[in-house]
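Single-letter residue listing:
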Amino acid sequence: MDVAVSLGPDSLLQVNNGEQGGCHWKAPCDDSERSSSPSVLRCVTSTWKEGLLTRKRPFVGRCCHSCTPQSKERLFNSSIPSLGLRNVIYINETHTRHRGWLARRLSYVLFVLERDIKKDMFARNVVDNVLNNSRVERAILEVATDCEPPATEPGQEQKAASKVRRKARGFLQEMVANISPAFIRITGWALLKLFNGFFWSIQIHKGQLEMVKKAAAEHNAPLVFLPVHKSHIDYLLITFILFCHNIKAPHIAAGNNLNIPIFSTLIRKLGGFFIRRKLDELGAGKRDVLYRSLLHAYTEELLRQQQFLEVYLEGTRSRSGKPSPARAGMLSIVVDTLCTGAIPDVLVVPVGISYDRILEGNYNSEQLGKPKKNESLWGVACGVFRMLRKNYGCVRVDFTQPFSLKEYLDTQRSRNMPPALSLEQTLVPTILSTQPDQALFNGQEEEEEEEEELNSRDLSDVVWRRHVINNLAKHVLYTANKSSAIMSTHIVACLLLYRHRQGVGLSKLVEDFFNMKEEILSRDFDLGFSGNSEDVVMHALHLLGNCVNVTSTNRNTEFIIAPSKTVPALFELNFYSNGLFHVFIADAIIACSALALQREQAVEAQAEPRQASPSHPSSLLSQERLIRKAASLSHFLTNEVAIAPPCQMIYQVFHDAITRLIQYGVLYVAEEDQEELSPSDEHWPKKFPEPLSWRSDEEDEDSDFGEEQRDRYLKVSVSPEHQEFFVFLQHLLSPVLEAYSGAAIFVHSLSQPVAEAEYTQQLFRYLLTRTEKGVAVYGESATHYLVKNTVKTFKELGVLKERREGRVVILEPSNTFLPQANRNKLLQYILGYTVL
């Protein structure tokens, strides 16, 4: 008899002994592993158990030692990591100055009243100061001159300027924040009540907050918080945590889509100011000079008055579970303000945020191609009511170490920054073994000119400034994402999708969960949960709800857990699985590159069997070629994930990944007599500038670099355990590669120009149909965000050429990929990395 168990939002999975699998984490809990079921972990060695029990949590979020070495040492001391975690919504009378029965009953009220609301958190005379800003005055005169005909009467110019000034004041009134200390206290009390209702815990690291408090108190510089963006609750979460720790509330840059009646007033009183989602709304490709100058002057005025800022670089919530590409507009204003001397320095604080389950539940409607619903007061009210009926598990917020923006910029000036190559320049010669379209290819002379511009190291130079700001935005997002804790739902979703897609017994799932947890900690990523593994897995399964199927063939046997095969369920599981995508991405790229290299060498051996070297058969993998393959794939997937921060060499990243796989035994060196390469001993001459080379072209001819760096040959272990892990790594990238291969197939049908929106929708319907008919192996390959990324990548690669007709973007095949043979080469390039 089959027994089906529902994991709906209002039910908990019951284990065999009748006890509930949910774990109670309201109070601070023990981090140690206390398994009451030894048989569940029977395959885990005692060494791993001891390693987990004795290992301290990694302290994440330190400054980059390469870009900001002084900041890394400035706010940190050896006692910071030992301060440990705190659940900020666990409040009782011990967190107040009072004791007794009444203090216990009124602990939330007392706690909120005792918070220190800084008087200097309220900006003064902002509107007048902004309107009197020289940048704004120039913009007012420019707009007045453009809008009015040449003056024929005396005083007409002043009238026109006065009219534009009134318009500017109206824009400012819509934009500016209006912080209220009383409202912040009331909101703090309300959020304590609400957050305790639908979160188990909100964990922060006390050491991280200690560094932020120290930076706010001791440094005469404003702080700019740059969090990842997962949910609308992010705004409240950051302000609430800072309020609880007596840190000045930041002014929050919010999209004007949230500027709705009543709700907008609440946001303003908490520090929110509204900016347009699109700065230029004049149409006809014109820049809105007036609005841009107002936003720039307002941000400058806030920073000049030592106000803190909170800016979301992604611009919108992530629909994929991975960080979206950075939009550096607001960050460029901060950089400009520093460089004009309006403020001496700015301290930048990347912030990582992780949820067991986001309050929006999922973004399935948008991933299924439906348009995003506009925010409304009714929608907000319904959302709050829906949240009160559910529990969303745990939240973890990580404030990374503040670093000096001035130091970062000074470091960039001292570096040799090679010009960034486009994806087309980088990969098309590899894919086609030819040069891309000459019309789109920058010649050598242009590259030399650009390199001279980049080497000018002056922020007044547009090219160098743009390059530095883009790198800064990428660096911040990479740091924030790397510092984000891995949640239990991330691990369970990943295991179910890419290790046990056909189903797994509960005991095996718990065992693999324990091993995955151990592996994540060993890579210096932190976890957003603690407690017994079996309890945590049950907790995650409950939160994932209808995305998983739980069955049992007999009431006396253990449960079988399998991911639901419906498209919405796969989309949702993929969203949470992507929470640890960055943990294994370098290893996954190496695994897929090894597969591509094996196939390539097999073809070479068949084509030229007489020339095949008996000492190096096709089963041996050249490490140099493997890293080149990996670098090529990493550039191809540049819109999917950041492999490394801009200051780090890609070669080093993949060399470290190979070294790690050798230590695991997944790869091993075939020629033992070769001198082993040590990543810690090598100082690569420059950052990896392009995917197919990593060594400096300016090395001395007498350098013994080549002698020291002899290539070595690797083999993939054939043991079942190692093969299982290797295949798991390949499966992590399989949905992405399947989406790109499907898009490459669909390109064959593009014979005439088509609007980009229409082409994207057609491609989405094509991939979704493949999923519904069972042609696609991975249903999650048809998500709308992946479809948009494939179109973006193919445009950057030069597969698709775009042109504008008014406001409509038209796509057509480029001259390079007009021949079917070249489109086939693109498809074969992608399929080479794909597990078939």
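Draft legend 1. Expanded view of the overall build of the protein chain. Across its full length, the protein chain holds 31 helices and 19 strands. Each of the 836 residues in the protein chain was classed as buried or not, and the buried ones make up 55%. Excluding contacts between residues fewer than 6 apart, the proportion of contacts in the protein chain whose partners are at least 24 apart in sequence is 80%. Per element, the accessible surface of the protein chain, about 37,100 Å² overall, is 51% carbon and sulfur.

Draft legend 2. Highlighting a nonpolar patch on the surface. On the surface, Trp 101, Leu 102, Leu 106, Val 109, Leu 113 and Trp 189 cluster together into a nonpolar patch covering about 620 Å² of accessible area. Elements that contribute at least two residues to the nonpolar patch include exactly helix 3 (101–105) and helix 4 (107–113). Relative to the elements of secondary structure, Trp 101 occurs in helix 3. For Trp 101, a relative accessible area of 58% puts it in the exposed group.

Draft legend 3. Molecular detail of the side chain of Arg 396. Relative to the elements of secondary structure, Arg 396 occurs in strand 9 (residues 394–399). Here the side chain of Arg 396 touches Asp 398 through a polar contact of 3.1 Å, side chain to side chain. Once residues lying within four places of it in the same chain are set aside, the contact partners of Arg 396 are Arg 57, Leu 85, Gln 203, Gly 352, Ile 353, Ser 354, Ala 485, Met 487, Asp 526, Leu 527 and Gly 528.

Draft legend 4. Molecular detail of the pairing of strand 12 (residues 548–552). Side chains Val 548, Val 550 and Ser 552 project from strand 12 onto a buried face, and the interleaved Asn 549 and Thr 551 project onto a face without burial. Sheet analysis places strand 12 next to strand 13 (residues 560–563), joined by four bridges and oriented antiparallel. Its bridge partner being in strand 13, Thr 551 is matched across the sheet by Ile 560.

Draft legend 5. Layout of the environment of Trp 464. Looking at where Trp 464 falls in the secondary structure, it is placed in helix 19 (residues 462–483). Look at Trp 464 and you get buried, because its relative accessible area is 0%. Along the primary structure Trp 464 and Pro 419 are separated by 45 residues, whereas in three dimensions their C-alpha atoms are 9.1 Å apart.

Draft legend 6. Spotlight on the packing of aromatic side chains. Scanning the entire structure with this criterion turns up 25 aromatic pairs. Their ring planes at 85° and their centres at 5.1 Å tell us that Phe 575 and Tyr 576 sit as a pair that is edge-to-face. In this pair, the class of Phe 575 matches that of Tyr 576, namely buried. Judged by centre distance (6.4 Å) and plane angle (65°), the ring pair of Tyr 740 and Phe 794 falls under edge-to-face. One end of the pair, Tyr 740, is in helix 28 (residues 720–747); the other, Phe 794, is in helix 30 (residues 784–797), and 54 residues separate them in sequence. This pair shows no difference in class: Tyr 740 is buried, exactly as Phe 794 is.

Draft legend 7. Region of interest: the environment of Lys 629. Looking at the element boundaries, Lys 629 is found in helix 25 (residues 623–636). Relative accessible area serves as the criterion here: at 18%, Lys 629 is assigned to the buried category. As for Lys 629 and Leu 595, which are separated by 34 residues in sequence, their C-alpha atoms are 10.0 Å apart. With sequence-adjacent residues up to four places away left out, Lys 629 is seen in contact with Ser 593, Ala 596, Glu 600 and Tyr 833.

Draft legend 8. The confidence of the model for the protein chain, seen in detail. Confidence in the prediction of the protein chain, expressed as mean pLDDT, is 81, and 81% of residues score 70 or more. The low-confidence segment residues 1–54, where pLDDT is below 50, has 110 contacts with residues more than four positions distant or belonging to other chains. Counting contacts from residues 673–708, a segment whose pLDDT is below 50, to residues more than four positions away or on other chains yields 64 contacts.

Draft legend 9. Quick peek at the sheet that holds strand 18 (residues 800–805). Taken together, three strands build an open sheet; the order of strands is 17-19-18 and the sheet is antiparallel. For this open sheet the edge positions go to strand 17 (754–755) and strand 18, each flanked by a neighbour on one side alone. Pairing of strand 18 with strand 19 (residues 808–813), which is carried by six bridges, proceeds in the antiparallel orientation. Counterpart to Leu 800 in the pairing with strand 19 is Pro 813.

Draft legend 10. Quick look at the sheet that holds strand 14 (residues 621–622). Read from one edge to the other, the open sheet built from three strands follows the order 14-16-15, with strand pairing classed as antiparallel. The two strands at the open ends of the sheet, each matched to only one other strand, are strand 14 and strand 15 (667–669). Here strand 15 runs beside strand 16 (residues 713–716); their pairing, made up of three bridges, is antiparallel. Paired with Val 669 across the bridge in strand 16 is Leu 714. Seen against the sheet, helix 26 (residues 650–664) touches strand 15 and strand 16 and runs at an angle of roughly 95° to strand 15.

Draft legend 11. Inspection of the nonpolar core at higher detail. Within the largest apolar cluster, 239 residues are counted, with the highest numbers of intra-cluster contacts made by Phe 273, Phe 399 and Phe 794. Looking at which element gives the most residues to this core, the answer is helix 28, with 14 residues. Not counting residues up to four positions away in its chain, the partners in contact with Phe 794 are Phe 636, Tyr 740, Ala 743, Ala 744, Val 747, Val 799, Leu 800, Leu 826 and Ile 830.

Draft legend 12. How the structure looks around the side chain of Thr 834. Locating Thr 834 in the fold gives a position in the segment after helix 31 (820–832). Residue class for Thr 834 comes out buried when judged on its relative accessible area of 6%. Here the side chain of Thr 834 touches Ile 830 through a polar contact of 2.9 Å, landing on its backbone oxygen. For Thr 834, the residues in contact, after removing those within four places along its chain, are Leu 595, Arg 599 and Leu 737.

Draft legend 13. Here's a closer look at helix 9 (residues 206–218). The end-to-end C-alpha distance of helix 9, which contains 13 residues, comes to 18 Å, matching closely the 18 Å that a straight helix rising 1.5 Å per residue would cover. Taken as a whole, helix 9 has its buried residues at Gly 207, Gln 208, Leu 209, Met 211, Val 212 and Ala 215. Check the buried side of helix 9 and you find it contacts strand 3 (201–205), strand 4 (223–227), helix 10 (234–244), strand 8 (347–355) and strand 9.

Draft legend 14. Spotlight on the pattern of salt bridges. Counting across every chain of the model gives 26 salt bridges. We note a salt bridge from Arg 276 to Asp 288, for which the minimum N-O separation is 2.8 Å. Of this pair, Arg 276 sits in the loop between strand 6 (272–275) and helix 12 (289–304) while Asp 288 sits in the loop between strand 6 and helix 12, placing them 12 residues apart in sequence. Arg 276 sits in the buried class, given a relative accessible area of 13%. Across the salt bridge formed by Lys 322 and Glu 640, the nearest N and O atoms sit 3.2 Å from each other. Of this pair, Lys 322 sits in the loop between strand 7 (309–310) and helix 13 (329–339) while Glu 640 sits in the loop between helix 25 and helix 26, placing them 318 residues apart in sequence. Across the pair, Glu 640 and Lys 322 agree in class, each one buried.

Draft legend 15. Summary view of the environment of Asp 524. Mapping Asp 524 onto the fold places it in the loop between helix 21 (506–522) and helix 22 (533–544). As a C-alpha pair, Asp 524 and Ser 483 span 41 residues in sequence and 9.5 Å in three-dimensional space. Setting aside residues no more than four positions away along its own chain, Asp 524 makes contact with Pro 58, Val 60 and Lys 482.

Draft legend 16. Focus on unusual backbone geometry. You will see that Asn 246, though not glycine, has its phi angle at about 60°, which is positive. Mapped onto the elements, Asn 246 comes out in the loop between helix 10 and strand 5 (251–255). For Asn 246, a relative accessible area of 26% gives the class partly exposed. For Asp 524, which is not glycine, the phi dihedral falls at a positive 65°.

Draft legend 17. Just the pairing of strand 9, in detail. A large share of strand 9 lies buried, amounting to six of its six residues. Of the two faces of strand 9, the one carrying Cys 394, Arg 396 and Asp 398 and the one carrying Val 395, Val 397 and Phe 399 are both buried.

Draft legend 18. Spotlight on helix 31. Under the 1.5 Å per step criterion, the end-to-end length of helix 31 is 18 Å for 13 residues, consistent within 8% with the ideal 18 Å. For helix 31, the secondary structure elements touched by its buried residues are helix 17 (423–432), helix 24 (581–607), helix 25, helix 28, helix 30 and strand 19.

Draft legend 19. Expanded view of the state of the cysteines. Under the counting rule described, the total for this entry stands at zero disulfides. Cysteine Cys 63 shares no disulfide, and the gap to the nearest cysteine sulfur, in Cys 64, comes to 8.4 Å. Judged by relative accessible area, Cys 63 falls into the buried class, the value being 7%. Lacking any disulfide linkage, Cys 647 is separated from the closest cysteine sulfur, that of Cys 64, by 3.5 Å. For Cys 647, a relative accessible area of 22% translates into the label partly exposed.

Cut-off values and rules
- Residues numbered from 1 in each chain as written.
- Predicted model: local features only at pLDDT ≥ 70, side-chain atom pairs only at ≥ 80, totals over all residues.
- Heavy atoms only, no water.
- Helix = DSSP H or I, 4+ residues; strand = E, 2+ residues; numbered from the N terminus.
- Buried < 20%, exposed > 50% of the residue type's maximum accessible area, 1.4 Å probe, protein only.
- Contact = heavy atoms within 4.5 Å.
- Areas by Shrake-Rupley, 256 points an atom, 1.4 Å probe, with all protein chains shown as cover.
- Patch = residues over 30% accessible without salt bridge, like charges linked within 9 Å, V, L, I, M, F, W, Y side chains within 5 Å.
- Salt bridge = Lys/Arg side-chain N within 4 Å of Asp/Glu carboxyl O.
- Polar contact = N/O pair within 3.5 Å; in protein donor to acceptor, adjacent residues only side chain to side chain.
- Pairing = 2+ DSSP bridges.
- Phe/Tyr/Trp six-rings, centres within 6.5 Å; stacked < 30°, edge-to-face > 60°.
- pLDDT = per-residue confidence, 0-100.
- Axes fitted to C-alpha atoms, helices over the stretch in contact; angles between N-to-C directions.
- Core = buried A, V, L, I, M, F, W, Y, C linked by side-chain atoms within 4.5 Å.
- Expected span 1.5 Å × (residues − 1).
- Disulfide = S-S within 2.5 Å.

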